[in-house]
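# Fold and geometry: a report
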Amino acid sequence: MTGAREVEAARWRFLRGGASAVGDGAVRAVVLASWERSRAHAVDTERLGASFVGHGGPPATPLEAAGAVLDEAHADNPEFAGSLLLVDADGLVRVRRDGDPALSDLLDAVRLVPGYRHAEAAVGTTAATLALHEGAALAVEGPEHFHPQLSSLAAAAAPVGQGRPDLALVVVRHAADGAADHLPWARALARRVDDQGNRRRRARVLALHDALDAAGADGAPWAVATDGDVVLVSSGVRRVAPEDQQSLSDRALAALVIDEPPRPHHVDLPSGTCAEVAVHEIRADGVPVGCVLTGGPAEHDEAPAATEARRRQGSHVAPTARRDFAAPLRDDRSPAERAHAEARVRANRELLSPYLRARQEVVANLGHRRHQVLLGETGVGKRTLALEQFHRLHPDGAVTVVECARIGDTPAATDPLAGLAQTSPSRPHLALLRGVQALGPVAARRLDESLRVLVARADPVVVVGCLDTASVDATRPYGLLLRHFHETVRVPALRYRADELGDIAQSVLRTMTTGRSLRLSHQVVRVLEGYPWPGNINELEDVLRYVVARKPVGVVQAPDLPSLCFTSRAPKLSMLETAQCDAIIQALYEARGNRYRAAAMLGIARSSLYRKIDAFGISYIA
């Protein structure tokens with residue numbers, strides 16, 4: 001067998017003079033062919049071309065099985081001083097498990113980290129790219145790597161699955177230890193990953209079928225079950241209009257990533273049908289694998305909703321029939337009609353009071369020890385919300401706050417959760433991750449190691465991650481951590497909390513004045529409610545500090561506010577504001593302009609309704 005020095009010399013000859021300069025038998029033919037492809041891709045040997053491209057979206061079934069298989073492999077072989085990886089056909093590192101800290105640091109240094117792309121076109125020859133290209137298990141020893149920075153590693157890789165596999169299982173060791181002897185083990189692990197993936201895939205499909213059958217047995221007219229890859233529909237769904245079928249399927253797929261309430265709620269289908277649906281989680285072996293959407297046409301169809309043009313004309317188009325002022329005093333509705341009305345009130349209350357819903361969800365998740373991600377703009381109070389509700393539930397609980405922006409993205413950086421992961425707290429403990437979006441790839445992987453231990457234990461630790469963004473981008477480094485969380489809660493911006501703004505401002509003011517008598521006039525509260533607050537709570541605190549500096553005691557009047565509070569809001573409504581405006585107009589039409597009844601239908605106080613009517617500029621509806 002050719003020695004490492006001879007292969008190293010052959011590689012340098014190849015870089016200078018091409019394949020003809022290598023010499024017969026100096027390098028294996030399969031490796032030489034890979035070198036030629038790497039050179040054709042213009043791989044830069046001066047710098048490593050591995051780049052972070054994200055984590056590839058939700059894991060497929062083989063990937064879900066791989067983590068457990070690799071963990072078992074390390075547990076069964078504690079003396080193994082190496083790492084196990086799963087790499088896809090694009091060269092993206094999807095899973096990695098380490099058995100040696102020194103080798104782990106070396107892999108971090110060459111960016112062999114989940115989320116990084118180590119394709120042949122980026123870094124040259126690797127065991128994973130060779131195994132997938134050839135469709136067979138192969139080993140690549142140190143100097144056989146095309147890129148010099150990878151020559152300190154040795155790896156044995158085997159494709160996962162038959163035919164044209166798109167995953168490779170890789171056993172990585174230090175070049176001095178060699179990897180060829182681990183080819184049989186790599187093949188065995190690849191077969192185990194494939195077998196586990198097939199078993200899980202069958203279990204998922206069976207769980208979908210069982211959920212669909214159970215929905216039919218419960219009398220649901222419609223049922224859609226999905227795991228993200230497979231969508232199964234009942235015979236009732238196949239009988240509705242094609243556009244409604246698509247809408248129901250899309251809603252079921254969206255429920256996999258967007259929280260849908262498990263209780264029945266109303267949706268409008270493209271055909272104009274009002275439906276009542278509910279979404280329930282599907283589990284297989286105690287693990288969530290999908291969801292089933294069940295429902296049917298709403299039992300009580302109200303009068304056809306006004307067209308968009310009519311709904312937005314305000315007082316220009318109004319009902320002309322005689323009002324029945326005694327109607328609210330009679331409740332001769334059927335139970336189905338009352339249930340329908342109550343469901344509408346709940347849906348309207350959640351739409352018009354988004355912070356109330358967010359707070360309820362946070363409390364429920366903390367109470368059931370469900371790890372959650374809080375989404376929202378910077379300064380909306382995600383940290384405060386989590387801390388207040390945790391201490392309300394567990395007055396004696398402990399809290400660990402991790403500032404993700406301060407975690408270094410180098411192999412030498414420490415993991416702030418390592419201590420918590422190594423101990424088992426006896427009382428409730430909250431691990432709060434602030435600014436998760438600021439994590440780098442290496443820091444995210446280190447947190448992933450600790451979170452994997454924390455979420456698997458039965459002790460009373462609950463993890464809350466705070467993302468200062470309006471949406472989740474799974475391709476960012478923090479995408480590696482999302483698999484550890486059970487729920488997502490969206491915390492609304494301050495501009496959507498106009499009903500509470502006066503109380504919030506007064507609470508902040510009390511904190512700043514420490515007992516001094518300083519309060520806000522009604523006129524000031526109305527001014528604050530009309531300002532959009534792009535900086536959220538932080539900006540409100542800045543404004544109140546300005547006020548306290550100018551007027552330490554007494555009643556704050558409008559002239560005491562800074563000029564920015566009097567700038568008008570942009571006329572364009574957001575999607576949430578548009579939905580709220582539409583709901584209010586619809587309720588006013590159905591109540592024939594009676595604001596008492598409209599407020600009851602919306603599930604909010606009359607004062608809140610008046611403020612929103614003024615804020616949205618809704619005309620009087622007779």
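Residues numbered from 1 in each chain as written. Predicted model: local features only at pLDDT ≥ 70, side-chain atom pairs only at ≥ 80, totals over all residues. Heavy atoms only, no water.

### Comments concerning the overall build of the protein
Within the protein one finds 21 helices and 19 strands. Once local pairs closer than 6 in sequence are excluded, the contacts in the protein between residues at least 24 apart make up 67%. Looking at the protein as shown, the accessible area adds up to about 29600 Å², and 52% of this sits on carbon and sulfur atoms. (Helix = DSSP H or I, 4+ residues; strand = E, 2+ residues; numbered from the N terminus. Contact = heavy atoms within 4.5 Å. Areas by Shrake-Rupley, 256 points an atom, 1.4 Å probe, with all protein chains shown as cover.)

### What about the side chain of His147?
Mapped onto the secondary structure, His147 falls in the loop between strand 5 (138-140) and strand 6 (153-159). Residue class for His147 comes out buried when judged on its relative accessible area of 0%. Among the polar contacts listed, one links the side chain of His147 to the backbone oxygen of Asp44, at a separation of 3.0 Å. In this view, His147 contacts Arg11, Val43, Asp44, Thr45, Glu46, Arg47, Leu48 and Val123; residues no more than four positions away in its chain are not counted. (Buried < 20%, exposed > 50% of the residue type's maximum accessible area, 1.4 Å probe, protein only. Polar contact = N/O pair within 3.5 Å; in protein donor to acceptor, adjacent residues only side chain to side chain.)

### Remarks on the sheet that holds strand 16 (residues 461-467)
In sheet architecture, strand pairing relies on hydrogen bonds along the backbone and comes in two forms, parallel and antiparallel. Sheet architecture is open: 5 strands sit in the order 14-15-16-13-17, paired in parallel fashion. Sheet topology places strand 14 (398-403) and strand 17 (487-490) at the edges, where each strand pairs with a single neighbour. Each strand of the sheet is rotated relative to its neighbour by a mean of 20°, with strand direction disregarded. Bridge count between strand 15 (residues 429-434) and strand 16: 5 bridges; the pairing is parallel. The partner of Ala431 across the bridge, within strand 16, is Val463. Against the sheet, helix 12 (residues 354-367) makes contact with strand 13 (372-375), strand 15, strand 16 and strand 17, and its axis sits at roughly 155° relative to strand 17, the strand it touches most. Sheet strands touched by helix 13 (residues 382-393): strand 13, strand 14, strand 15 and strand 16. Its angle to strand 15, the strand with the most contacts, is close to 180°. (Pairing = 2+ DSSP bridges. Axes fitted to C-alpha atoms, helices over the stretch in contact; angles between N-to-C directions.)

### Topic: the sheet that holds strand 11 (residues 274-284)
Strand order across the open sheet formed by 5 strands is 9-8-12-11-10, with antiparallel pairing between neighbours. Both outer strands of the open sheet, strand 9 (231-233) and strand 10 (265-268), are each paired with one neighbouring strand and no more. Along the sheet, successive strands turn relative to each other by an average axial angle of 30°, direction set aside.

### Focus on the pattern of salt bridges
This model, assessed by the stated rule, comprises 29 salt bridges. Among the ionic pairs, Arg370 bridges to Glu487, the shortest N-O distance being 3.5 Å. Remark: Glu487 occurs in strand 17 and Arg370 occurs in the loop between helix 12 and strand 13; sequence separation between them is 117 residues. With a relative accessible area of 26%, Arg370 lands in the partly exposed category. Judged by relative accessible area, Glu487 falls into the partly exposed class, the value being 22%. Among the ionic contacts, a cluster of salt bridges with common partners joins Arg96, Asp98, Asp105, Asp108, Arg445, Arg446, Asp448, Glu449, Arg452 and Arg483. (Salt bridge = Lys/Arg side-chain N within 4 Å of Asp/Glu carboxyl O.)

### Side note on the side chain of Thr129
As for its placement among the helices and strands, Thr129 is situated in helix 6 (residues 127-134). Classification of Thr129 by relative accessible area gives buried; the value is 14%. Engagement of the side chain of Thr129 in a polar contact is seen with the side chain of Thr126, the distance being 2.9 Å.

### With respect to the packing of aromatic side chains
As enumerated under the stated definition, the model contains 5 aromatic pairs in all. Between Tyr531 and Trp533, the aromatic rings sit 4.7 Å apart at their centres with planes inclined by 90°, giving edge-to-face as the arrangement. Both residues of the pair, Tyr531 and Trp533, belong to the buried class. The structure contains a cluster of three or more aromatic residues connected by ring pairs, namely Phe14, Trp35 and Phe146. In this structure, Arg11 is placed above the aromatic ring of Trp12, and the distance from its NZ or CZ to the ring centre is 5.2 Å. One Lys or Arg, Arg497, reaches over the ring of Tyr355 and ends 3.3 Å from the middle of that ring. (Phe/Tyr/Trp six-rings, centres within 6.5 Å; stacked < 30°, edge-to-face > 60°. Lys NZ or Arg CZ within 6 Å of the ring centre and 35° of its normal.)

### Focus on the environment of Arg445
Mapped onto the elements of the fold, Arg445 is located in helix 15 (residues 441-456). Arg445 sits in the buried class, given a relative accessible area of 4%. Among all residues touching Arg445, those that are not within four sequence positions of it are Arg96, Asp98, Ser104, Asp108, Val113, Pro114 and Leu480.

### Section: the nonpolar core
Within the largest apolar cluster, 38 residues are counted, with the highest numbers of intra-cluster contacts made by Leu153 and Val170. If near-sequence neighbours (up to four positions away) are discounted, Leu153 is found in contact with Leu103, Leu106, Leu107, Val110, Leu112, Val140, Glu141, Gly142, His145, Val172, Arg173 and Ala175. Counting 24 residues, the second largest nonpolar core, distinct from the first, contains Ala139, Ala186, Leu189 and Ala190. (Core = buried A, V, L, I, M, F, W, Y, C linked by side-chain atoms within 4.5 Å.)

### Let's talk about the environment of Asp409
Secondary-structure assignment places Asp409 in the loop between strand 14 and helix 14 (418-422). Under the relative-accessibility criterion, Asp409 is labelled partly exposed at 35%. Along the primary structure Asp409 and Arg446 are separated by 37 residues, whereas in three dimensions their C-alpha atoms are 9.4 Å apart. Filtering out sequence-adjacent residues up to four positions away, Asp409 remains in contact with Gly440, Pro441, Val442 and Ala443.

### As for helix 16 (residues 498-513)
Between its first and last C-alpha, helix 16 extends 23 Å over 16 residues, near the 22 Å set by a 1.5 Å rise per residue. When we look at burial in helix 16, the residues that qualify are Ala498, Leu501, Gly502, Ile504, Ala505, Gln506, Val508, Leu509 and Thr513. Where the residues of helix 16 are buried, they touch strand 18 (518-520), helix 17 (522-530), helix 18 (536-550) and helix 21 (606-616). Taken from the residues just after helix 16, Thr514 is the one with a positive phi, measuring 45°. (Expected span 1.5 Å × (residues − 1).)

### Overview of the packing of helix 12 against helix 13
Each pair of packed helices can be described by the angle between their axes along with the distance between the axes. Contact geometry of helix 12 with helix 13 gives a least axis separation of 10 Å together with a crossing angle of 50°. Considered as vectors, helix 12 and helix 13 are oriented oblique to each other. Crossing angle aside, the handedness with which helix 12 passes helix 13 is right-handed. Judged by residue contacts, Tyr355, Arg359, Val362, Val363, Leu366 and Gly367 of helix 12 engage Leu385, Ala386, Gln389, Phe390 and Leu393 from helix 13. Of the residues in the contact of helix 12 with helix 13, the class split is 8 nonpolar, 2 polar and 1 charged. (Parallel < 35°, antiparallel > 145°, perpendicular 65-115°, else oblique. Left-handed = near helix turned anticlockwise from the far one by under 90°. Nonpolar A, V, L, I, M, F, W, Y, C, P; charged D, E, K, R; others polar.)

### Looking at helix 6
Most of helix 6 sits inside the fold, with 6 of its 8 residues counted as buried. Listing the buried residues of helix 6 in full gives Ala127, Ala128, Thr129, Leu130, Ala131 and Leu132. Buried residues in helix 6 make contact with helix 2 (29-40), strand 2 (83-88), helix 5 (120-123), strand 5, strand 6 and strand 7 (167-174). Once helix 6 finishes, Gly135 follows within two positions and takes phi at roughly 70°, a positive value.

### Let's talk about a nonpolar patch on the surface
Among the surface-exposed residues, Val231, Leu253 and Leu256 lie close enough to one another that they form a single nonpolar patch of about 190 Å² accessible area. Assignment of secondary structure puts Leu253 in helix 9 (residues 242-254). (Patch = residues over 30% accessible without salt bridge, like charges linked within 9 Å, V, L, I, M, F, W, Y side chains within 5 Å.)

### So, unusual backbone geometry
The phi angle at Arg369 is positive, at roughly 55°, despite the residue not being glycine. Relative to the helices and strands, Arg369 is located in the loop between helix 12 and strand 13. Positive phi outside glycine occurs at Trp533, with the angle close to 50°. Along the polypeptide, Trp533 turns up in the loop between helix 17 and helix 18. When its relative accessible area of 0% is taken as the criterion, Trp533 is described as buried.

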